[in-house]
Amino acid sequence: MVARLDANDSEFAQKFAAVLHGENQTSAKVQKIVFDILADVKERGDEALIELTEKFDRLPLTQEALRFSPDQIEHEANKASPEVLDALKFAHDRIRSHHLKQLPQDHIYTDEQGVSLGTRWTPVDAVGIYVPGGLASYPSSVLMNAVPAKVAGVPRIAMVVPTPNGEINPAVMAAARVAGVNEIYPIGGAQAIGALAYGTKTVQPVFKIVGPGNAFVAEAKRQVFGTVGIDMIAGPSEIMVIADASANPAWVAVDLLAQAEHGAGAKSVAVVLSDEMAEAVEAEVERQLETLARSEIARQGWEELGAIITVPHLGRALELANMMAPEHLELAVDNPDELLPLVRNAGAVFLGHHTPEAIGDYVGGSNHVLPTAQTAKFASGLGTMDFMKRTSLLNCTPGALAQLGGATVTLAEAENLPAHARSVSIRLNR
């Protein structure tokens, strides 16, 4: 049975904490497996990739087959239906338009002392994109990761995608073609992260790795961080839907199931204002599970990590939202704009009854790579600036150096760094 909580319950805090922390933590066993895989790839390169891909994906490869040829990419992309191609192009254009608006501007100014200061933005030289495969493969993830990188001006984008048993989703290849990605490798798991981070004979290393994956991929990203940059440690998908009396229980229910059908620890939470709405939403979930194609996966996710919480007022609902800091927060209320100022922690907010989270997954234009597991308290979703670096600029005239020099020498001497002090005083003929 799904968890039913009441905010007026004396034990509510303890029960809500169980909802918040119900996700699986990375085990020591996973950490050790990933450590060994990364070490193997670092030491043996392509040879390790070939062996590990056959072991985990049941796909025998040669060194020449470690990268898709342009003809292979074109052949697979052409298998996608015209309807899918049109949808991908539509999504691409909206995502690109939104992320273009995030481009930062260089700036420089001169202060009262005559010092010129500023900031210069440059793209990361090489980025690796991980695209999930296996249980589900996501062409949308190709666009969400590649398009902002392209907008930022990243000159090289390398994509890795597992192809278990050699099965390739044509839509993934089509999305890569639409996004302009032509360096693609049929490898996945921790070994793919290792290849991107350390490089092999076939796979040249990158400087940053982005994209979601399973627990082994997430742990691999954690372990290579420092050698390369990463976007975030993405956990299972999650949603909180805050619904008032104006909400349609069927719409709330299907939005909860849309997260639950991701499986593997996906979390779906509804926060409602009455027992009547709680009963209606739960009944709708059960009714829709009877006809849902992925009902077994969705039911497991719903019953293991789903929850319906009754609160006395919307203010309390927002308090719980800020505590959970959900990846996706839906405000299924009459006046969502009035609640928005109260939202402090959320990966993305979906306003009103006609903005299902799935719009953000595909064609809304905003990015669907978002912080999970309460990390929205300090992190943000993927954007254009994640593929750029900020460099500080400083320029002193002789007169400006004279005005700044005295305090600099004093602070350098206070820190017992005489060469620092001398590097200034020598220029001032002191």
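Residues numbered from 1 in each chain as written. Predicted model: local features only at pLDDT ≥ 70, side-chain atom pairs only at ≥ 80, totals over all residues. Heavy atoms only, no water.

Asker: Looking at this structure, how should I read helix α7 (residues 170–179)?
Answerer: Every α-helix carries 3.6 residues per turn, so stepping three or four residues along brings you back to the same face. In terms of residue burial, α7 counts as a mostly covered element, since seven of its 10 residues are buried. Buried within α7 are the following residues: Ala171, Val172, Met173, Ala174, Ala175, Ala176 and Ala179. N-cap assignment for α7: the residue whose side-chain oxygen lies 2.9 Å from the backbone N of Ala171 is Asn169. (Buried < 20%, exposed > 50% of the residue type's maximum accessible area, 1.4 Å probe, protein only. Helix = DSSP H or I, 4+ residues; strand = E, 2+ residues; numbered from the N terminus. Polar contact = N/O pair within 3.5 Å; in protein donor to acceptor, adjacent residues only side chain to side chain.)

Asker: What exactly am I supposed to notice about helix α9 (residues 215–224) here?
Answerer: Of all the residues in α9, the buried ones are Val217, Ala218, Glu219, Ala220, Lys221 and Val224. Buried residues in α9 make contact with α2 (28–44), β4 (126–130), α8 (189–198), β7 (208–210) and β8 (229–230). Between a side-chain oxygen at the N-terminus of α9 and the backbone nitrogen of Phe216 the separation is 3.0 Å; the capping residue is Asn214. Gly226 lies just past α9 and shows a positive phi near 110°. (Contact = heavy atoms within 4.5 Å.)

Asker: Which parts of the structure should I look at to understand the nonpolar core?
Answerer: Where a protein is soluble and globular, its nonpolar side chains tend to be buried together. Ile129, Leu143, Met159, Val181, Ile184 and Phe387 are the most contacted members of the largest nonpolar core, which has 40 residues in total. Every element with two or more residues in this core is listed here: α4 (70–77), α5 (82–100), β4, α6 (139–152), β5 (156–160) and α7. Sorting elements by how many residues they give to this core places α6 first, with eight residues. Residues contacting Val181, with those up to four places away along its chain left out, are Ala146, Ile157, Met159 and Ala176. Listed in part, the 31 residues of the second largest apolar core include Val30, Val34, Leu61 and Ile193. (Core = buried A, V, L, I, M, F, W, Y, C linked by side-chain atoms within 4.5 Å.)

Asker: Before we go on, may I ask you to explain the pairing of strand β12 (residues 328–332) in this structure?
Answerer: Consecutive side chains along a regular strand alternate between the two faces of the sheet. In terms of burial, β12 is a largely internal element, five of the five residues being buried. Every second residue of β12 is oriented toward a common face, with His328, Glu330 and Ala332 on one face and Leu329 and Leu331 on the other, all of them buried. The sheet contact formed by strand β9 (residues 238–243) and β12 spans five bridges and is parallel. Residue Ile242 lies in a different strand from β12, and its bridge partner there is Leu331. (Pairing = 2+ DSSP bridges.)

Asker: It is not clear to me how the pattern of salt bridges should be interpreted in this structure. Could you clarify?
Answerer: Two side chains of opposite charge can pair, provided their charged atoms sit close to one another. Throughout the structure, instances matching the rule amount to 17 salt bridges. Between Arg44 and Asp40 there is a salt bridge; the shortest N-O distance is 2.7 Å. One end of the pair, Arg44, and the other, Asp40, are both in helix α2, four residues apart, so they sit about a helical turn from each other. Under the relative-accessibility criterion, Asp40 is labelled partly exposed at 21%. Arg299 serves as the salt-bridge partner of Glu303, at 3.2 Å between the closest nitrogen and oxygen. (Salt bridge = Lys/Arg side-chain N within 4 Å of Asp/Glu carboxyl O.)

Asker: I keep staring at unusual backbone geometry and nothing clicks. Help me out?
Answerer: Positive phi, normally seen in glycine, also occurs at Arg58, with a value near 55°. Of note, Gln374 is a non-glycine position whose phi angle comes to about 70°, a positive value. Relative to the elements of secondary structure, Gln374 occurs in the loop between α15 (357–362) and β14 (388–395). Judged by relative accessible area, which is 16%, Gln374 ranks as buried.

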